[in-house]
Amino acid sequence: MQYSIPRGTYDILPEDSPKWHRVIAEFRKLVEAYGYAEIVTPIFEQAALFERSSGESSDVVKKEMYRFTDRKGREFALRPEGTAPVARSYIENRMDIGSSYTKLYYLGPMFRYDRPQAGRYRQFYQYGVEFIGSNNPYYDAEIIAILWNYLTGLGLKKLHLELNSVGCSVCAKEYDKALRDYFQPYLNQLCPDCQERFERKPRRILDCKVKECGDIAKKAPIQLDYLDEPCREHFSEVQHYLDLMKIPFIINPRIVRGLDYYTNTAFEVIYEGIGAQNALAGGGRYNGLLNQIGGKNIPAVGFAGGFERLFLSLNEEKITLPGPPFPEVFIITIGREAQELIIPYLNIIRVKGIYAEYEPDRASLKAQLKAANNSKAYYALLIGEEEIKQKSALLKNLESGEQKLYSLEPISDLIKTIQNKEL
Ligand code: HAM
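Residues numbered from 1 in each chain as written. Predicted model: local features only at pLDDT ≥ 70, side-chain atom pairs only at ≥ 80, totals over all residues. Heavy atoms only, no water.

1. A word on the sheet that holds strand β9 (residues 265-271)
Spatially, β1-β5-β6-β11-β10-β9-β7-β8 is the arrangement adopted by the eight strands of the open sheet, whose pairing is mixed. Looking at strand neighbours, the two that pair on one side only are β1 (37-38) and β8 (250-251), the edges of this open sheet. Taken together, the two bridges between β1 and strand β5 (residues 102-111) define a ladder with parallel strand orientation. Counterpart to E38 in the pairing with β5 is Y105. This element, helix α1 (residues 17-33), spans β1, β5, β6 (123-132) and β11 (300-306) of the sheet and lies at about 160° to β5. Where helix α5 (residues 137-153) meets the sheet, its contacts fall on β5, β6, β7 (159-165), β9, β10 (279-285) and β11, and the angle it forms with β9 comes to roughly 10°. (Pairing = 2+ DSSP bridges. Helix = DSSP H or I, 4+ residues; strand = E, 2+ residues; numbered from the N terminus. Contact = heavy atoms within 4.5 Å. Axes fitted to C-alpha atoms, helices over the stretch in contact; angles between N-to-C directions.)

2. What about the pairing of strand β14 (residues 379-383)?
A regular strand carries its side chains on alternate faces of the sheet. Within β14, five of the five residues are buried, which leaves it mostly tucked inside the rest of the structure. In terms of strand pairing, strand β12 (residues 329-333) meets β14 through five bridges, oriented parallel. What sits directly across from V329, in β14, is Y379. (Buried < 20%, exposed > 50% of the residue type's maximum accessible area, 1.4 Å probe, protein only.)

3. As for α1
For α1, with 17 residues, the first-to-last C-alpha span of 24 Å sits near the 24 Å given by 1.5 Å per residue. Within α1, the full set of buried residues consists of P18, W20, V23, I24, F27 and V31. On its buried face, α1 is in contact with β5, β6, α5, β11 and α11 (307-316). Just downstream of α1 lies G35, where phi reads positive at about 90°. (Expected span 1.5 Å × (residues − 1).)

4. Focus: the packing of aromatic side chains
In the structure shown here, the tally under the stated rule is 27 aromatic pairs. Summarising the aromatic geometry, the rings of W20 and Y125 are spaced 5.4 Å apart at their centres and angled 75° between planes, so their arrangement reads as edge-to-face. One end of the pair, W20, is in helix α1; the other, Y125, is in strand β6, with 105 residues separating them in the sequence. Residue W20 is classed as buried on the basis of its relative accessible area of 8%. Considering the side-chain rings of F27 and Y150, the 5.2 Å spacing of their centres and the 70° angle between planes classify their relative orientation as edge-to-face. (Phe/Tyr/Trp six-rings, centres within 6.5 Å; stacked < 30°, edge-to-face > 60°.)

5. Observations concerning the site of the ligand
With respect to spatial proximity, 27 residues lie near the ligand, and among them E81, T83, Y121, E130 and Y262 are the closest. Note that an oxygen atom of the ligand is positioned 3.1 Å from one of the side-chain N or O atoms of Q126. At 3.0 Å, a backbone N or O of L280 approaches an oxygen atom of the ligand. Burial of the ligand by the protein chains amounts to 95% of its free accessible area of 660 Å². Looking at the shell around the ligand, the element that brings in the most residues is β10, giving six residues. A class-by-class count of the residues in the shell around the ligand yields 12 nonpolar, nine polar and six charged. (Near = heavy atom within 4 Å. Polar contact = N/O pair within 3.5 Å; in protein donor to acceptor, adjacent residues only side chain to side chain. Areas by Shrake-Rupley, 256 points an atom, 1.4 Å probe, with all protein chains shown as cover. Nonpolar A, V, L, I, M, F, W, Y, C, P; charged D, E, K, R; others polar.)

6. Considerations on the side chain of T102
With respect to the helices and strands, T102 occurs in strand β5. The buried category is assigned to T102, whose relative accessible area is 9%. Other than its neighbours up to four places away in sequence, T102 contacts Y90, M95, E130, F131 and I132.

7. Points about the pattern of salt bridges
All told, the structure shown has 29 salt bridges when counted by the stated rule. Two residues, D59 and R197, come together in a salt bridge whose shortest N-O distance is 3.8 Å. Taken together, the residues D59 in helix α3 (residues 59-62) and R197 in helix α7 (residues 192-200) connect sequence positions 138 residues apart. D59 sits in the partly exposed class, given a relative accessible area of 25%. Of the residues examined, R197 reaches a relative accessible area of 11% and is grouped as buried. Across the pair K177 and D181 runs a salt bridge whose closest N-O atoms are separated by 3.6 Å. Taken together, the residues span about one helical turn, with K177 and D181 both in helix α6 (residues 169-183) at a distance of four residues. Given the relative accessible area of 52%, K177 is considered exposed. (Salt bridge = Lys/Arg side-chain N within 4 Å of Asp/Glu carboxyl O.)

8. Quick notes on the domain arrangement of the protein
Partitioning the protein into domains gives domain 1 (17-168 + 228-316) and domain 2 (329-420). For domain 1 versus domain 2, the separation of C-alpha centres amounts to 49 Å. (Domains from an automatic or database assignment.)

9. Quick notes on the sheet that holds strand β3 (residues 67-69)
Strand order in the open sheet made by the three strands is β2-β4-β3, with antiparallel pairing throughout. Here the strands that pair on one side only, and so sit at the sheet edges, are β2 (44-46) and β3. Direction aside, the axes of adjacent strands within the sheet are offset by 35° on average. Pairing geometry for β3 and strand β4 (residues 75-78), over three bridges, is antiparallel. Across the sheet, F68 pairs through a bridge with F76, a residue of β4.

Shown next as structure tokens:
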């Protein structure tokens, strides 16, 4: 019996892990410069958390959630996204006490049961940040700046930022009414999903992939025309701050985020050239969410992006990321005695953080030298009969061919030479 990986998932193979390390390290470095600290939440949560926050009308909750019942009959779900768990943890750990702002970032797998295709997986890996504690539009812009600076900092060029405002709950009500008025005469022509959306959340019709619905939606009213004064002002301030931060954006009144919790600012970074799943990242403000899941009325804003689409874009622009490292030194021993001599030192060398390879299965000098060259090691360290006698080892620069004998006692000289690439 041979087992295969579940559909819509993938292994990160050893040759790919260095590039994961790199994009994660760059993300951490940048967000920490903005004062964000990492939060790690469980991979599963009570299913109701997502129903209350992401919304029962959203596909993410309705169709895509991996739900399960545990042995005591409790309903859980693999997290489809990170915002609701972060908000849950914020409330549960009383993070509002003692500081008015909380800046959090997270990294980790999310799960959605969707049809897999390029850039869309059932388990995918998100990076995200959440700023909790202020309705100041400055923070909307700062969050967007983090995302933009991260992606462009990696070297990406073929991307653009789309911005919209979905208003507050008051303007959303007005807008929903306008949408219902607009769609009413076409109700019979809409797909069954959209007929249901019409009642529950008419703006989701704008996002429908069925051609007939898309055609009808083309002339639908837009939210921006239904913003009340404070929301209009907020939106214009976000744009002002983005201008100050020199973050280019375009206004797309058609952005409908897939999750229900957004208020005011909504944005996406789109990458041209990676197929249909071209949203590299998305986010927005969610002023009602914390209150909805049992917390105080605390405003918040954030974003998340998927690394899979990020890698697709990096490949598209031929931006190279590191591959597996080469050994700094490759140990070559001739005979058992040489092996006995070097193994204790080999441990010391590795504990010093030097990447040292040793392949004792290869007996002959020729085979070991070949392996050292193939590994692209910087140095070879040879221990043969002569070296045994002198308790020493011969260090050879594999590129220049230069070599020098080093005493093993003390080993510090040899270690220093390898660390500083002095030979
Ligand atoms: P989202 O737009 O649902 O937002 O997902 C954010 C990003 O995750 C997408 O832009 C995409 O890069 C990636 N992603 C989503 N689904 C998949 C998938 N099936 N396969 C591969 N990548 C995927 C959220 O998740 C919100 N929590 C973002 C947020 C944070 N809003 C406020 N704070």
